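Take a look at the letters that make up each chain.
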Amino acid sequence: TLDFPPGFVWGTATSSYQIEGSPSADGKGPSIWDTFTRRPGAIEDATSGDVACDHYRLWQSDVDLMAELGLGAYRFSVSWPRVLPNGDGAANAAGLDFYDRLVDRLLERGIEPWVTLYHWDLPDALQDRGGWPARATARAFATYAGIVADRLGDRVGRWITINEPWVVAKRGHFHGDKAPGHHSGEEAVLASHHLLLGHGLAVRAIREVAPAAQIGITLNLTPTVPASTDAADIEAARRFDGDANRWFLDPVFGRGYPDDVLRDYADAGWLDHGVSLESPSDHDVIAARHDFLGVNYYERTIIRDQGDGTPAKVVPANADLTDMGWEVYPRGLTDLLTDLSRRYQPESIVITENGCSFGDAPSDDGRVHDQQRISFLRGHLLAAHEAVRAGVPLDGYFAWSFLDNFEWERGWTQRFGLFGLNPETQVRTRRRSADLFSEICRENAVSSAIVRKYAPQIFDQMFPG
Ligand code: FCB
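Residues numbered from 1 in each chain as written. Predicted model: local features only at pLDDT ≥ 70, side-chain atom pairs only at ≥ 80, totals over all residues. Heavy atoms only, no water.

1. Some remarks on the nonpolar core
Trp-80, Tyr-118, Trp-132 and Trp-159 are the most contacted members of the largest nonpolar core, which totals 122 residues. Core analysis: the next-biggest nonpolar cluster, separate from the first, contains 12 residues, Val-9, Ala-13, Val-350 and Phe-416 among them. (Core = buried A, V, L, I, M, F, W, Y, C linked by side-chain atoms within 4.5 Å. Buried < 20%, exposed > 50% of the residue type's maximum accessible area, 1.4 Å probe, protein only.)

Below you can see the structure in the form of C-alpha coordinates.
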(Lines give C-alpha, C1' and ligand atoms only; values in the text may rest on other atoms or scores of the structure.)
Protein backbone atom coordinates (compact mmCIF):
# COMPACT_ATOMS: atom_id res chain seq x y z
CA THR A 1 0.00 0.00 0.00
CA LEU A 2 1.29 3.39 -0.99
CA ASP A 3 0.21 5.76 1.78
CA PHE A 4 -0.04 9.50 1.31
CA PRO A 5 1.00 11.74 4.20
CA PRO A 6 -1.57 12.31 6.96
CA GLY A 7 -3.78 15.31 6.17
CA PHE A 8 -3.16 15.04 2.44
CA VAL A 9 -5.95 16.97 0.66
CA TRP A 10 -8.05 15.16 -1.94
CA GLY A 11 -10.51 16.97 -4.13
CA THR A 12 -11.85 17.77 -7.55
CA ALA A 13 -11.70 21.07 -9.39
CA THR A 14 -13.94 23.14 -11.68
CA SER A 15 -14.20 26.75 -12.81
CA SER A 16 -17.10 29.19 -12.93
CA TYR A 17 -17.43 29.78 -16.68
CA GLN A 18 -17.01 26.09 -17.46
CA ILE A 19 -19.85 24.89 -15.22
CA GLU A 20 -22.19 27.62 -14.01
CA GLY A 21 -24.24 28.79 -17.00
CA SER A 22 -26.86 31.49 -16.18
CA PRO A 23 -24.68 34.22 -17.68
CA SER A 24 -27.00 37.09 -16.82
CA ALA A 25 -28.88 35.75 -13.80
CA ASP A 26 -29.32 37.88 -10.69
CA GLY A 27 -27.40 40.86 -11.97
CA LYS A 28 -24.30 39.11 -13.33
CA GLY A 29 -22.38 41.21 -15.86
CA PRO A 30 -20.88 39.77 -19.06
CA SER A 31 -17.38 38.30 -19.02
CA ILE A 32 -14.86 38.16 -21.84
CA TRP A 33 -15.84 34.51 -22.35
CA ASP A 34 -19.50 35.43 -22.85
CA THR A 35 -18.30 37.75 -25.60
CA PHE A 36 -15.57 35.55 -27.08
CA THR A 37 -17.84 32.51 -27.50
CA ARG A 38 -20.10 34.62 -29.71
CA ARG A 39 -17.31 35.27 -32.17
CA PRO A 40 -17.91 33.11 -35.28
CA GLY A 41 -15.38 30.28 -35.44
CA ALA A 42 -13.97 30.87 -31.97
CA ILE A 43 -15.37 27.66 -30.46
CA GLU A 44 -14.77 24.32 -32.18
CA ASP A 45 -18.38 23.12 -31.97
CA ALA A 46 -19.97 26.60 -31.87
CA THR A 47 -21.24 26.05 -28.30
CA SER A 48 -20.83 28.40 -25.35
CA GLY A 49 -20.97 28.39 -21.56
CA ASP A 50 -24.49 29.84 -21.60
CA VAL A 51 -25.87 26.71 -19.98
CA ALA A 52 -22.67 24.75 -19.30
CA CYS A 53 -23.46 22.28 -16.46
CA ASP A 54 -26.27 24.50 -15.21
CA HIS A 55 -24.44 24.43 -11.91
CA TYR A 56 -25.72 27.89 -10.94
CA ARG A 57 -29.08 26.14 -10.52
CA LEU A 58 -27.98 22.58 -9.73
CA TRP A 59 -25.29 23.43 -7.20
CA GLN A 60 -26.98 21.73 -4.27
CA SER A 61 -27.29 18.33 -5.89
CA ASP A 62 -23.77 18.74 -7.30
CA VAL A 63 -22.41 19.17 -3.78
CA ASP A 64 -24.33 16.05 -2.78
CA LEU A 65 -22.61 14.09 -5.56
CA MET A 66 -19.25 15.26 -4.28
CA ALA A 67 -20.19 14.26 -0.76
CA GLU A 68 -21.11 10.79 -2.02
CA LEU A 69 -17.53 10.38 -3.17
CA GLY A 70 -16.28 11.30 0.29
CA LEU A 71 -13.96 13.99 -1.05
CA GLY A 72 -12.28 16.24 1.47
CA ALA A 73 -12.04 19.35 -0.70
CA TYR A 74 -13.51 21.14 -3.70
CA ARG A 75 -11.71 23.76 -5.75
CA PHE A 76 -14.09 26.11 -7.56
CA SER A 77 -13.71 29.61 -8.92
CA VAL A 78 -15.68 32.75 -8.23
CA SER A 79 -16.98 34.59 -11.26
CA TRP A 80 -15.70 38.16 -10.96
CA PRO A 81 -18.57 39.61 -13.05
CA ARG A 82 -21.13 37.86 -10.83
CA VAL A 83 -19.70 39.71 -7.86
CA LEU A 84 -18.79 42.95 -9.63
CA PRO A 85 -20.84 43.17 -12.84
CA ASN A 86 -18.93 46.27 -13.86
CA GLY A 87 -15.53 44.95 -12.76
CA ASP A 88 -15.30 47.48 -9.97
CA GLY A 89 -17.68 49.72 -8.04
CA ALA A 90 -20.62 48.31 -6.13
CA ALA A 91 -20.77 44.60 -5.37
CA ASN A 92 -23.77 42.60 -6.52
CA ALA A 93 -25.25 41.10 -3.36
CA ALA A 94 -26.91 38.21 -5.21
CA GLY A 95 -23.59 37.16 -6.73
CA LEU A 96 -21.84 37.06 -3.38
CA ASP A 97 -24.82 35.24 -1.85
CA PHE A 98 -24.47 32.42 -4.36
CA TYR A 99 -20.92 31.63 -3.28
CA ASP A 100 -21.82 32.16 0.37
CA ARG A 101 -24.49 29.47 0.16
CA LEU A 102 -22.21 27.16 -1.81
CA VAL A 103 -19.52 27.46 0.86
CA ASP A 104 -22.00 26.73 3.63
CA ARG A 105 -23.32 23.64 1.90
CA LEU A 106 -19.82 22.34 1.24
CA LEU A 107 -18.89 22.78 4.88
CA GLU A 108 -22.11 21.08 5.98
CA ARG A 109 -21.10 18.10 3.86
CA GLY A 110 -17.58 18.08 5.30
CA ILE A 111 -15.92 19.38 2.13
CA GLU A 112 -13.31 22.10 2.42
CA PRO A 113 -13.78 24.92 -0.10
CA TRP A 114 -10.69 26.03 -2.03
CA VAL A 115 -11.54 29.26 -3.80
CA THR A 116 -9.89 30.42 -7.01
CA LEU A 117 -10.47 34.12 -7.60
CA TYR A 118 -9.61 34.30 -11.29
CA HIS A 119 -10.21 31.44 -13.66
CA TRP A 120 -10.32 33.50 -16.87
CA ASP A 121 -13.75 35.18 -16.83
CA LEU A 122 -12.70 38.83 -16.71
CA PRO A 123 -15.60 41.30 -16.57
CA ASP A 124 -16.15 42.66 -20.06
CA ALA A 125 -16.31 46.15 -18.59
CA LEU A 126 -12.65 45.84 -17.60
CA GLN A 127 -11.69 44.47 -21.00
CA ASP A 128 -13.23 47.61 -22.48
CA ARG A 129 -10.84 49.59 -20.29
CA GLY A 130 -7.78 47.70 -21.51
CA GLY A 131 -8.04 44.30 -19.77
CA TRP A 132 -4.93 42.67 -18.31
CA PRO A 133 -2.49 44.68 -20.45
CA ALA A 134 -3.67 47.69 -18.40
CA ARG A 135 -2.16 48.14 -14.94
CA ALA A 136 -5.48 49.29 -13.49
CA THR A 137 -6.82 45.74 -13.93
CA ALA A 138 -4.29 44.44 -11.37
CA ARG A 139 -5.57 46.98 -8.84
CA ALA A 140 -9.20 46.18 -9.65
CA PHE A 141 -8.42 42.49 -9.11
CA ALA A 142 -7.05 43.17 -5.64
CA THR A 143 -10.14 45.17 -4.71
CA TYR A 144 -12.37 42.33 -5.90
CA ALA A 145 -10.23 39.77 -4.03
CA GLY A 146 -10.64 41.79 -0.84
CA ILE A 147 -14.43 41.93 -1.28
CA VAL A 148 -14.74 38.17 -1.74
CA ALA A 149 -12.32 37.38 1.11
CA ASP A 150 -14.18 39.76 3.39
CA ARG A 151 -17.41 37.89 2.72
CA LEU A 152 -16.13 34.30 2.72
CA GLY A 153 -12.89 34.52 4.70
CA ASP A 154 -14.53 33.51 7.98
CA ARG A 155 -15.24 30.06 6.45
CA VAL A 156 -12.82 29.72 3.53
CA GLY A 157 -9.23 29.11 4.55
CA ARG A 158 -7.61 28.34 1.18
CA TRP A 159 -7.32 30.80 -1.66
CA ILE A 160 -5.85 30.68 -5.13
CA THR A 161 -5.41 34.09 -6.69
CA ILE A 162 -4.90 33.46 -10.42
CA ASN A 163 -5.28 30.28 -12.42
CA GLU A 164 -2.61 29.74 -15.10
CA PRO A 165 -1.37 33.25 -15.88
CA TRP A 166 0.61 31.90 -18.86
CA VAL A 167 -2.60 30.76 -20.54
CA VAL A 168 -4.34 34.05 -19.87
CA ALA A 169 -1.40 36.09 -21.12
CA LYS A 170 -0.20 34.02 -24.06
CA ARG A 171 -3.21 32.14 -25.33
CA GLY A 172 -5.48 35.12 -24.73
CA HIS A 173 -3.26 37.89 -26.07
CA PHE A 174 -0.72 36.32 -28.43
CA HIS A 175 -2.08 33.05 -29.86
CA GLY A 176 -5.61 34.41 -29.65
CA ASP A 177 -7.40 31.07 -29.32
CA LYS A 178 -8.72 32.02 -25.90
CA ALA A 179 -10.53 35.17 -24.75
CA PRO A 180 -10.03 38.01 -25.42
CA GLY A 181 -8.55 36.58 -28.64
CA HIS A 182 -5.80 39.09 -29.38
CA HIS A 183 -2.56 38.62 -31.34
CA SER A 184 0.09 40.81 -29.78
CA GLY A 185 3.33 39.78 -28.08
CA GLU A 186 3.57 43.17 -26.40
CA GLU A 187 0.11 42.80 -24.92
CA ALA A 188 0.91 39.27 -23.78
CA VAL A 189 3.98 40.40 -21.84
CA LEU A 190 2.14 43.31 -20.25
CA ALA A 191 -0.76 41.03 -19.35
CA SER A 192 1.60 38.54 -17.70
CA HIS A 193 3.15 41.31 -15.61
CA HIS A 194 -0.20 42.64 -14.46
CA LEU A 195 -1.51 39.16 -13.68
CA LEU A 196 1.49 38.59 -11.44
CA LEU A 197 1.14 42.04 -9.92
CA GLY A 198 -2.57 41.37 -9.40
CA HIS A 199 -1.64 38.15 -7.61
CA GLY A 200 0.70 39.97 -5.22
CA LEU A 201 -1.75 42.80 -4.55
CA ALA A 202 -4.53 40.28 -3.96
CA VAL A 203 -2.40 38.37 -1.44
CA ARG A 204 -2.14 41.60 0.58
CA ALA A 205 -5.83 42.39 0.20
CA ILE A 206 -6.89 38.91 1.35
CA ARG A 207 -4.54 38.93 4.33
CA GLU A 208 -5.94 42.28 5.47
CA VAL A 209 -9.42 40.86 5.95
CA ALA A 210 -8.55 37.19 6.57
CA PRO A 211 -5.17 37.09 8.33
CA ALA A 212 -5.17 33.30 8.72
CA ALA A 213 -5.84 32.63 5.03
CA GLN A 214 -3.58 30.18 3.22
CA ILE A 215 -2.91 31.68 -0.21
CA GLY A 216 -1.27 30.45 -3.38
CA ILE A 217 -1.13 31.02 -7.13
CA THR A 218 -1.74 28.23 -9.64
CA LEU A 219 0.72 27.87 -12.51
CA ASN A 220 0.43 25.50 -15.44
CA LEU A 221 3.87 23.95 -15.55
CA THR A 222 5.36 21.56 -18.03
CA PRO A 223 8.71 19.84 -17.78
CA THR A 224 10.45 20.76 -21.00
CA VAL A 225 13.01 18.62 -22.80
CA PRO A 226 14.88 19.18 -26.07
CA ALA A 227 14.02 16.73 -28.87
CA SER A 228 17.71 16.01 -29.51
CA THR A 229 21.18 16.96 -28.33
CA ASP A 230 21.53 19.51 -31.16
CA ALA A 231 22.44 22.94 -29.87
CA ALA A 232 19.49 24.47 -31.75
CA ASP A 233 16.98 22.16 -30.03
CA ILE A 234 18.55 22.78 -26.64
CA GLU A 235 18.30 26.51 -27.24
CA ALA A 236 14.66 26.23 -28.40
CA ALA A 237 13.81 24.22 -25.26
CA ARG A 238 15.45 26.89 -23.10
CA ARG A 239 13.27 29.54 -24.72
CA PHE A 240 10.10 27.53 -24.28
CA ASP A 241 10.85 26.65 -20.66
CA GLY A 242 11.72 30.29 -19.95
CA ASP A 243 8.48 31.60 -21.39
CA ALA A 244 6.15 28.92 -20.03
CA ASN A 245 7.65 28.12 -16.63
CA ARG A 246 10.46 30.33 -15.36
CA TRP A 247 8.86 33.66 -16.35
CA PHE A 248 6.23 32.99 -13.67
CA LEU A 249 8.12 30.92 -11.12
CA ASP A 250 11.13 33.20 -10.76
CA PRO A 251 9.27 36.40 -9.79
CA VAL A 252 6.80 34.58 -7.51
CA PHE A 253 9.80 33.11 -5.67
CA GLY A 254 11.44 36.52 -5.35
CA ARG A 255 14.00 36.31 -8.12
CA GLY A 256 12.55 38.81 -10.56
CA TYR A 257 12.19 38.00 -14.25
CA PRO A 258 14.84 35.72 -15.76
CA ASP A 259 17.39 37.73 -17.78
CA ASP A 260 17.43 35.28 -20.67
CA VAL A 261 13.66 35.55 -21.14
CA LEU A 262 13.78 39.36 -20.92
CA ARG A 263 16.36 39.20 -23.74
CA ASP A 264 14.14 36.87 -25.81
CA TYR A 265 11.18 39.22 -25.39
CA ALA A 266 13.32 42.25 -26.25
CA ASP A 267 14.60 40.50 -29.40
CA ALA A 268 11.02 39.74 -30.41
CA GLY A 269 10.13 43.42 -29.99
CA TRP A 270 7.70 42.55 -27.19
CA LEU A 271 9.12 45.06 -24.73
CA ASP A 272 8.65 48.09 -26.94
CA HIS A 273 5.75 49.43 -24.91
CA GLY A 274 8.02 51.66 -22.84
CA VAL A 275 6.86 50.12 -19.55
CA SER A 276 9.56 48.84 -17.25
CA LEU A 277 8.91 45.33 -16.00
CA GLU A 278 11.83 45.55 -13.65
CA SER A 279 10.55 47.96 -11.03
CA PRO A 280 11.83 46.72 -7.64
CA SER A 281 8.61 47.69 -5.92
CA ASP A 282 6.52 45.63 -8.36
CA HIS A 283 8.81 42.71 -7.74
CA ASP A 284 8.35 43.01 -4.00
CA VAL A 285 4.61 42.89 -4.50
CA ILE A 286 4.78 39.87 -6.82
CA ALA A 287 7.03 38.05 -4.36
CA ALA A 288 4.45 38.46 -1.57
CA ARG A 289 4.72 35.57 0.85
CA HIS A 290 2.55 32.71 -0.37
CA ASP A 291 1.61 29.59 1.55
CA PHE A 292 1.59 27.05 -1.25
CA LEU A 293 2.31 26.76 -4.93
CA GLY A 294 -0.58 25.43 -7.02
CA VAL A 295 0.58 23.25 -9.91
CA ASN A 296 -1.56 22.22 -12.86
CA TYR A 297 0.09 19.34 -14.67
CA TYR A 298 -1.20 17.78 -17.86
CA GLU A 299 1.82 16.78 -19.95
CA ARG A 300 5.53 17.21 -20.60
CA THR A 301 6.75 19.17 -23.60
CA ILE A 302 9.37 17.98 -26.06
CA ILE A 303 10.77 20.85 -28.09
CA ARG A 304 12.66 21.11 -31.35
CA ASP A 305 13.88 24.16 -33.18
CA GLN A 306 11.76 24.95 -36.21
CA GLY A 307 14.83 26.08 -38.11
CA ASP A 308 14.35 29.76 -37.36
CA GLY A 309 14.99 29.70 -33.62
CA THR A 310 11.34 29.29 -32.67
CA PRO A 311 10.35 26.32 -30.54
CA ALA A 312 7.94 23.68 -31.85
CA LYS A 313 6.29 20.96 -29.80
CA VAL A 314 7.02 17.37 -30.85
CA VAL A 315 4.75 14.46 -30.01
CA PRO A 316 6.62 11.13 -29.87
CA ALA A 317 5.44 8.73 -32.57
CA ASN A 318 4.34 5.98 -30.17
CA ALA A 319 2.88 8.31 -27.55
CA ASP A 320 -0.31 7.48 -25.74
CA LEU A 321 -2.57 10.52 -26.31
CA THR A 322 -5.74 11.80 -24.66
CA ASP A 323 -8.59 13.23 -26.74
CA MET A 324 -6.97 16.66 -26.29
CA GLY A 325 -3.93 15.29 -28.14
CA TRP A 326 -1.91 15.56 -24.93
CA GLU A 327 0.66 12.88 -24.17
CA VAL A 328 -0.04 10.65 -21.18
CA TYR A 329 3.25 10.89 -19.31
CA PRO A 330 2.96 10.37 -15.53
CA ARG A 331 6.72 10.34 -15.06
CA GLY A 332 6.70 14.03 -16.04
CA LEU A 333 4.79 14.81 -12.87
CA THR A 334 7.49 13.26 -10.67
CA ASP A 335 10.19 15.08 -12.65
CA LEU A 336 8.34 18.37 -12.43
CA LEU A 337 7.72 18.17 -8.69
CA THR A 338 11.22 17.07 -7.74
CA ASP A 339 12.74 19.71 -9.99
CA LEU A 340 10.54 22.46 -8.53
CA SER A 341 11.50 21.41 -5.03
CA ARG A 342 15.16 21.45 -5.84
CA ARG A 343 15.16 24.77 -7.66
CA TYR A 344 12.70 26.84 -5.64
CA GLN A 345 12.34 25.09 -2.25
CA PRO A 346 8.59 25.79 -1.95
CA GLU A 347 7.13 25.25 1.51
CA SER A 348 4.15 23.44 0.10
CA ILE A 349 2.95 22.30 -3.31
CA VAL A 350 -0.60 21.35 -4.18
CA ILE A 351 -1.56 19.77 -7.49
CA THR A 352 -4.55 21.98 -8.24
CA GLU A 353 -5.37 20.22 -11.54
CA ASN A 354 -4.46 16.98 -13.23
CA GLY A 355 -6.69 14.92 -15.46
CA CYS A 356 -7.49 13.70 -18.93
CA SER A 357 -10.15 13.83 -21.61
CA PHE A 358 -11.49 10.57 -23.00
CA GLY A 359 -14.85 9.86 -24.58
CA ASP A 360 -16.83 6.95 -23.18
CA ALA A 361 -16.82 3.59 -24.90
CA PRO A 362 -20.21 1.85 -24.96
CA SER A 363 -20.71 -0.67 -22.18
CA ASP A 364 -23.20 -3.51 -21.74
CA ASP A 365 -23.97 -3.13 -18.07
CA GLY A 366 -25.00 0.54 -18.14
CA ARG A 367 -21.94 1.58 -16.14
CA VAL A 368 -19.18 3.77 -17.48
CA HIS A 369 -15.96 1.77 -17.37
CA ASP A 370 -13.59 4.57 -18.28
CA GLN A 371 -10.52 2.40 -18.18
CA GLN A 372 -8.25 5.01 -19.79
CA ARG A 373 -9.14 7.62 -17.18
CA ILE A 374 -8.64 5.04 -14.44
CA SER A 375 -5.21 4.19 -15.71
CA PHE A 376 -4.34 7.89 -16.14
CA LEU A 377 -5.33 8.60 -12.53
CA ARG A 378 -3.53 5.59 -11.16
CA GLY A 379 -0.37 6.47 -13.08
CA HIS A 380 -0.34 10.08 -11.98
CA LEU A 381 -1.11 9.31 -8.35
CA LEU A 382 1.76 6.85 -8.27
CA ALA A 383 3.96 9.53 -9.84
CA ALA A 384 2.84 12.00 -7.18
CA HIS A 385 3.54 9.44 -4.49
CA GLU A 386 7.02 8.93 -5.85
CA ALA A 387 7.65 12.65 -5.51
CA VAL A 388 6.46 12.53 -1.89
CA ARG A 389 8.87 9.70 -1.23
CA ALA A 390 11.64 11.80 -2.76
CA GLY A 391 10.91 14.50 -0.17
CA VAL A 392 8.69 16.90 -2.14
CA PRO A 393 6.36 18.80 0.22
CA LEU A 394 3.25 17.78 -1.70
CA ASP A 395 0.11 18.43 0.31
CA GLY A 396 -2.82 17.81 -1.99
CA TYR A 397 -4.22 16.61 -5.29
CA PHE A 398 -7.27 17.91 -7.17
CA ALA A 399 -8.59 15.90 -10.09
CA TRP A 400 -9.72 17.88 -13.12
CA SER A 401 -12.60 17.65 -13.22
CA PHE A 402 -15.53 16.89 -10.98
CA LEU A 403 -17.77 16.57 -14.04
CA ASP A 404 -17.59 17.00 -17.83
CA ASN A 405 -17.81 20.69 -18.66
CA PHE A 406 -17.40 23.39 -21.28
CA GLU A 407 -13.78 23.08 -22.38
CA TRP A 408 -13.09 26.64 -23.57
CA GLU A 409 -12.30 26.88 -27.31
CA ARG A 410 -12.82 23.11 -27.59
CA GLY A 411 -16.44 23.58 -26.52
CA TRP A 412 -18.25 20.38 -25.58
CA THR A 413 -15.88 18.11 -27.54
CA GLN A 414 -13.89 17.05 -24.48
CA ARG A 415 -14.75 14.88 -21.47
CA PHE A 416 -12.63 15.47 -18.39
CA GLY A 417 -15.13 14.50 -15.68
CA LEU A 418 -15.18 11.86 -12.99
CA PHE A 419 -18.89 12.32 -13.58
CA GLY A 420 -20.05 12.24 -17.16
CA LEU A 421 -22.57 14.85 -18.20
CA ASN A 422 -24.99 14.99 -21.06
CA PRO A 423 -25.28 18.70 -21.89
CA GLU A 424 -28.69 18.19 -23.53
CA THR A 425 -30.33 16.59 -20.51
CA GLN A 426 -28.00 17.72 -17.72
CA VAL A 427 -27.96 14.13 -16.48
CA ARG A 428 -24.80 13.32 -14.50
CA THR A 429 -23.43 9.76 -14.63
CA ARG A 430 -20.88 8.51 -12.18
CA ARG A 431 -17.94 6.96 -14.00
CA ARG A 432 -15.93 4.12 -12.57
CA SER A 433 -12.93 6.46 -12.24
CA ALA A 434 -15.01 8.34 -9.65
CA ASP A 435 -15.33 5.10 -7.65
CA LEU A 436 -11.59 4.59 -7.84
CA PHE A 437 -10.84 8.17 -6.80
CA SER A 438 -13.32 7.94 -3.98
CA GLU A 439 -11.66 4.83 -2.56
CA ILE A 440 -8.21 6.37 -2.82
CA CYS A 441 -9.40 9.51 -1.01
CA ARG A 442 -11.08 7.54 1.75
CA GLU A 443 -8.01 5.40 2.33
CA ASN A 444 -5.51 8.22 1.72
CA ALA A 445 -3.57 5.56 -0.12
CA VAL A 446 -3.28 3.62 -3.34
CA SER A 447 -3.52 0.08 -2.05
CA SER A 448 -2.88 -3.13 -3.89
CA ALA A 449 -6.52 -4.06 -3.25
CA ILE A 450 -7.68 -0.93 -5.04
CA VAL A 451 -5.40 -1.53 -8.00
CA ARG A 452 -6.48 -5.17 -8.22
CA LYS A 453 -10.10 -4.07 -8.25
CA TYR A 454 -9.89 -1.25 -10.79
CA ALA A 455 -6.96 -2.12 -12.97
CA PRO A 456 -6.44 -5.88 -12.68
CA GLN A 457 -4.55 -5.99 -15.97
CA ILE A 458 -1.69 -3.95 -14.52
CA PHE A 459 -1.78 -5.32 -10.98
CA ASP A 460 1.05 -7.79 -11.54
CA GLN A 461 3.29 -5.17 -13.06
CA MET A 462 2.77 -2.85 -10.12
CA PHE A 463 3.00 -5.28 -7.28
CA PRO A 464 5.39 -7.96 -8.49
CA GLY A 465 5.41 -10.98 -6.19
C1 FCB B 1 -6.50 23.89 -17.72
C2 FCB B 1 -7.58 24.82 -17.25
C3 FCB B 1 -8.89 24.15 -16.95
C4 FCB B 1 -9.21 23.07 -17.96
C5 FCB B 1 -8.04 22.13 -18.14
C6 FCB B 1 -8.31 21.01 -19.09
O7 FCB B 1 -5.56 24.60 -18.46
O8 FCB B 1 -7.15 25.51 -16.08
O9 FCB B 1 -9.88 25.14 -16.89
O10 FCB B 1 -9.60 23.66 -19.14
O11 FCB B 1 -6.93 22.86 -18.58
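2. Considerations on the pairing of strand 8 (residues 292-296)
Within strand 8, 5 of the 5 residues are buried, leaving the element largely enclosed by the surrounding structure. Side chains Phe-292, Gly-294 and Asn-296 project from strand 8 onto one buried face, and the interleaved Leu-293 and Val-295 project onto a second face that is buried too. Bridge count between strand 6 (residues 214-220) and strand 8: 5 bridges; the pairing is parallel. Residue pairing in the sheet places Asn-220 in a bridge with Asn-296 of strand 8. Judged from the 4 bridges that link them, strand 8 and strand 11 (residues 349-353) form a sheet pairing that is parallel. The residue of strand 11 that forms the bridge with Asn-296 is Glu-353. (Helix = DSSP H or I, 4+ residues; strand = E, 2+ residues; numbered from the N terminus. Pairing = 2+ DSSP bridges.)

3. Quick notes on the environment of Ser-77
Within the secondary structure, Ser-77 is located in strand 3 (residues 73-77). Ser-77 sits 46 residues away from Pro-123 along the chain, and the two C-alpha atoms are 14 Å apart. Aside from chain neighbours lying at most four places away, what touches Ser-77 is Thr-14, Ser-15, Ser-16, Glu-20, Tyr-99, Thr-116 and His-119. Here Ser-16 takes part through its backbone nitrogen, which lies 2.8 Å from a polar atom of the side chain of Ser-77. (Contact = heavy atoms within 4.5 Å. Polar contact = N/O pair within 3.5 Å; in protein donor to acceptor, adjacent residues only side chain to side chain.)

4. Quick notes on the packing of helix 5 (residues 93-108) against helix 7 (residues 135-152)
Direction vectors running N to C along helix 5 and helix 7 enclose 45°, while the axes themselves pass 10 Å from each other. Looking at the two axes, helix 5 sits oblique to helix 7. Seen along the crossing, helix 5 lies across helix 7 with a hand that is right-handed. Contact with helix 5, carried on its side by Leu-96, Asp-97, Tyr-99, Asp-100 and Val-103, involves Ile-147, Val-148, Arg-151 and Leu-152 of helix 7 and no other residues of that element. (Axes fitted to C-alpha atoms, helices over the stretch in contact; angles between N-to-C directions. Parallel < 35°, antiparallel > 145°, perpendicular 65-115°, else oblique. Left-handed = near helix turned anticlockwise from the far one by under 90°.)

5. Thoughts on the sheet that holds strand 5 (residues 158-163)
Strand order in this closed barrel of 8 strands is 2-3-4-5-6-8-11-12, and the pairing throughout is parallel. In this sheet, adjacent strand axes meet at a mean angle of 25° when their direction is disregarded. Against the sheet, helix 5 contacts strand 3 and strand 4 (112-118), and its axis sits at roughly 170° relative to strand 3. Sitting on the sheet, helix 15 (residues 432-443) touches strand 2 (9-13) and strand 12 (394-400), and the angle it makes with strand 2 is about 150°.

6. Thoughts on the site of the ligand
Close to the ligand lie Gln-18, His-119, Trp-120, Asn-163, Glu-164, Asn-296, Tyr-298, Glu-353, Trp-400, Glu-407, Trp-408 and Phe-416, which account for all nearby residues. Here an oxygen atom of the ligand and a side-chain polar atom of Gln-18 are 2.7 Å apart. Here the ligand, which alone exposes 290 Å², has 95% of that area covered by the protein. Residues of the shell around the ligand, tallied by class, amount to 5 nonpolar, 4 polar and 3 charged. (Near = heavy atom within 4 Å. Areas by Shrake-Rupley, 256 points an atom, 1.4 Å probe, with all protein chains shown as cover. Nonpolar A, V, L, I, M, F, W, Y, C, P; charged D, E, K, R; others polar.)

7. Looking at the sheet that holds strand 9 (residues 301-305)
Strand order across the open sheet formed by 3 strands is 7-9-10, with mixed pairing between neighbours. Edge positions in the sheet fall to strand 7 (224-226) and strand 10 (311-314), since each of these pairs with one other strand and no more. Across the sheet, the mean angle separating the axes of adjacent strands is 45° when strand polarity is ignored. Note that strand 9 and strand 10 share 4 bridges and pair antiparallel. If you follow Ile-302 over to strand 10, its bridge partner there is Val-314.

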